[in-house]
Amino acid sequence: MAVIEIKGVAKSFGAFTALHSIDLTIADQEFMVLLGASGCGKTTLLRIIAGLETPSAGEVWIGGRRVDHLPARERGIAMVFQNYAVFPHLTVYENIAFGLRMKKMPQAEVERRVTKTAELMHIEQLLKRYSGQLSGGQRQRVAVARALAMEPDVILMDEPLSNLDALLRLEMRAELKGVLAASKTTTIYVTHDQVEAMSLADRISVMNGGHILQAADPVQVYRNPATRFVGSFIGNPPMNFLPAKAAGDGQWQVAGQTFAGPSAGAAEFAIRPEDLHPAEQGIPAEVRVVEPLGPHTLVTCVADGHPFRVILDSTLTPIPGDRLHLAPLQDRIRWFDPETQKALT
Ligand code: ATP
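Just so it is clear, the model here is predicted, and its values are computed rather than measured. (Residues numbered from 1 in each chain as written. Predicted model: local features only at pLDDT ≥ 70, side-chain atom pairs only at ≥ 80, totals over all residues.)

Let's talk about the overall build of the protein
Applicable threshold: Only runs of H or I of at least four residues qualify as helices and only runs of E of at least two qualify as strands under DSSP, and these elements are numbered from the N terminus. Burial in this document is a count-based property: other C-beta atoms within 10 Å of a residue's C-beta are tallied, and the residue is buried at 20 or more, exposed at 12 or fewer, or partly exposed in between, with C-beta positions derived from the backbone. Any two residues are considered in contact once their C-beta atoms, placed from the backbone, lie within 7 Å.
If you tally the helices and strands in the protein, you get eight helices and 21 strands. Expressed as lengths along the three principal axes of its C-alpha atoms, the size of the protein is roughly 75 × 45 × 35 Å. Residues counted as buried form 39% of the 345 residues belonging to the protein. Considering only residue pairs separated by 6 or more positions, the protein has 63% of its internal contacts joining residues 24 or more positions apart.

Thoughts on the environment of glycine 305
Tracing the chain through its elements places glycine 305 in the loop between β17 (296-303) and β18 (306-313). Given 9 C-beta atoms within 10 Å, glycine 305 falls into the exposed group.

Some remarks on the sheet that holds β18
Put simply, the test is: At least two DSSP bridges between two strands are required for those strands to pair. Axis definition: a line fit to C-alpha positions, over the contact stretch in the case of helices; interaxial angles, taken between N-to-C directions, run 0 to 180 degrees.
Spatial ordering of the open sheet is given by β18-β17-β16-β19, a layout of four strands whose pairing is antiparallel. Edge positions in the sheet fall to β18 and β19 (323-328), since each has one partner strand and no second. Recorded for the sheet is a direction-independent mean angle of 55 degrees between the axes of neighbouring strands. Bridge analysis of strand β16 (residues 276-292) against β17 gives six bridges, and the strand direction is antiparallel. Opposite valine 287, over in β17, you have cysteine 301 as the bridge partner.

Remarks on the domain arrangement of the protein
Applied cut-off: Throughout the structure description, domain borders are defined by an automatic or database domain assignment. Under the scheme applied, nonpolar residues are Ala, Val, Leu, Ile, Met, Phe, Trp, Tyr, Cys and Pro; charged residues are Asp, Glu, Lys and Arg; polar residues are all the others, including Gly.
Here the protein is described as being made up of domain 1 (4-232) and domain 2 (238-344). On a C-alpha basis, the centres of domain 1 and domain 2 stand 38 Å from each other. Each residue belonging to the side of domain 1 that touches domain 2 can be placed in one class, and the counts come to three nonpolar, four polar and one charged.

Considering unusual backbone geometry
At the junction of asparagine 236 and proline 237, the peptide bond is cis and its omega measures out at 0 degrees in the coordinates. With respect to the helices and strands, the residue proline 237 is situated in the loop between α8 (228-233) and β11 (240-243). A positive phi angle is found at aspartate 304, which is not glycine, with a value near 55 degrees. Positionally, aspartate 304 belongs in the loop between β17 and β18. Taking the C-beta count within 10 Å as the criterion, aspartate 304 has 15 such neighbours and is therefore assigned partly exposed.

Here's the deal with the pairing of strand β4 (residues 57-62)
On a regular strand, each side chain points to the face opposite its neighbour's, so the side chains alternate between the two faces of the sheet. With five bridges connecting them, strand β1 (residues 4-13) and β4 associate as antiparallel partners. When the bridges of β4 are listed, lysine 7 appears paired with glutamate 59. Of the pairings in the sheet, the one linking β4 to strand β5 (residues 65-66) comprises two bridges and is antiparallel in character. Counterpart to tryptophan 61 in the pairing with β5 is arginine 66. Counted along the chain from β4 to the antiparallel partner β5, the turn is two residues long, and its residue glycine 63 has a positive phi close to 55 degrees.

A look at the packing of helix α2 (residues 92-102) against helix α4 (residues 136-149)
What counts here: The cut-offs work like this: below 35 degrees is roughly parallel, past 145 is roughly antiparallel, 65 to 115 is roughly perpendicular, and the gaps in between are oblique. Whether a crossing is left-handed or right-handed is set by the direction in which the near helix is turned from the far one by less than a right angle, anticlockwise for left-handed and clockwise for right-handed.
Two elements in contact, α2 and α4, have axes separated by 8 Å at closest approach and are oriented at 30 degrees. When the interaxial angle is binned, α2 and α4 end up roughly parallel. Handedness of the crossing formed by α2 with α4: right-handed. Only Val142, Ala145, Arg146 and Ala149 of α4 make contact with α2, whose side of the interface consists of Val92, Asn95, Ile96, Phe98, Gly99 and Leu100. The residue makeup of the contact of α2 with α4, split by class, is seven nonpolar, two polar and one charged.

So, the sheet that holds strand β14 (residues 257-260)
On the basis of which strands lie adjacent, the open sheet formed by three strands has the order β12-β13-β14 and antiparallel pairing. Edge strands, defined here as strands with exactly one partner in the open sheet, are β12 (245-246) and β14.

Examining the site of the ligand
Stated formally: Think of it this way: take the backbone, place a C-beta atom on it, and check whether that atom is within 6 Å of the molecule or strand, in which case the residue is near it.
With respect to spatial proximity, the complete set of residues near the ligand consists of Phe13, Phe16, Ala18, Gly36, Ser38, Gly39, Cys40, Gly41, Lys42, Thr43, Thr44 and His192. Counting only elements with at least two residues in the shell around the ligand, the list comes to β2 (16-26) and α1 (42-50). Ranked by residue count, the leading element in the shell around the ligand is α1, at three residues. Tallied by class, the residues present in the shell around the ligand amount to four nonpolar, seven polar and one charged.

Things to note about the environment of glutamate 5
You can see glutamate 5 is positioned in strand β1. Using a count of 17 C-beta atoms within 10 Å as the deciding quantity, one classes glutamate 5 as partly exposed. Along the primary structure glutamate 5 and arginine 66 are separated by 61 residues, whereas in three dimensions their C-alpha atoms are 9.0 Å apart. Discounting chain neighbours no more than four positions away, the residues touching glutamate 5 are Thr25 and Trp61.

Some points on α1
By the criterion of burial, α1 is predominantly enclosed, with nine of the nine residues buried. Those residues of α1 not exposed but buried are Lys42, Thr43, Thr44, Leu45, Leu46, Arg47, Ile48, Ile49 and Ala50. Backbone geometry just downstream of α1 places glycine 51 in the positive-phi region, at approximately 95 degrees.

Below you can see the structure in the form of structure tokens.
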């Protein structure tokens, strides 16, 4: 059982606080993605779990054992980091075999694991090459193969696909997902790519400014963002927000339209671009930019003086200057507290 428990972990670099008291439990065999913009603290958190950084406060437990005072090599984890330390003077084969040889594994088993993981990462034709002669993307795949070959209980990965071109990245993403699910590994995976996060994760922890704002399954995070930031960070284009005026009895005026909402003192209205459709009645919006994207059309409008995006069926082709009425799907409307920025129900 490789449950990972992070208890009150904080990290300061001098006067700067990179992590504010983080509490997070990653279940045995769970695939947890840490998602956030550059500088939010995700790499720092991963390095603390790995043992490459000491926390300023808090505890890290892996498999029921407190590990924050143990050196990295005693924590029973495999890692793939951004600077993927692949040894240039070793062949790809020996790089992948490295950890297995350290463990004095019999040659037949080394052979089996190296071949298997190399095939998975599509580098079987490179096994005899020296790693110093590889491209960045190839080296990155060697680093992932080396970690997978250990068949670890816990694997930590920091942007392991960042150097691959778009198509290969898509392919590797699916391979990784399959392999890690089958191997029953507990995984923590850092990325700033929300599509990668949505595709891979059992749960996503959305981070900002050294805090975890929400840790939930991808659909929850997308449909029910816990804060305004999560709603605006996840989704491309992001959620639309409009000011709302209380009209009594849980009714709210939004761009001149009335909607049922929370019984709160103040609220902001939010809706995803794909959750509106042109109708007789709805939020009045003036079209500014029309972008046909193949399967659908992205239309940027102005509603109530605010930018407002809507994704329409590709058969609908408004032109700049058109005035639309956009009716939201009632059950997709979300509300946020303008002060705390937290979701209201
Ligand atoms: P990225 O996606 O760019 O790697 P990140 O979310 O992983 O970003 P971290 O690398 O965890 O971010 O860094 C969090 C914050 O802590 C950043 O503002 C960074 O500048 C700061 N930081 C990280 N390491 C140090 C250090 N050794 N000394 C000082 N500040 C640091």
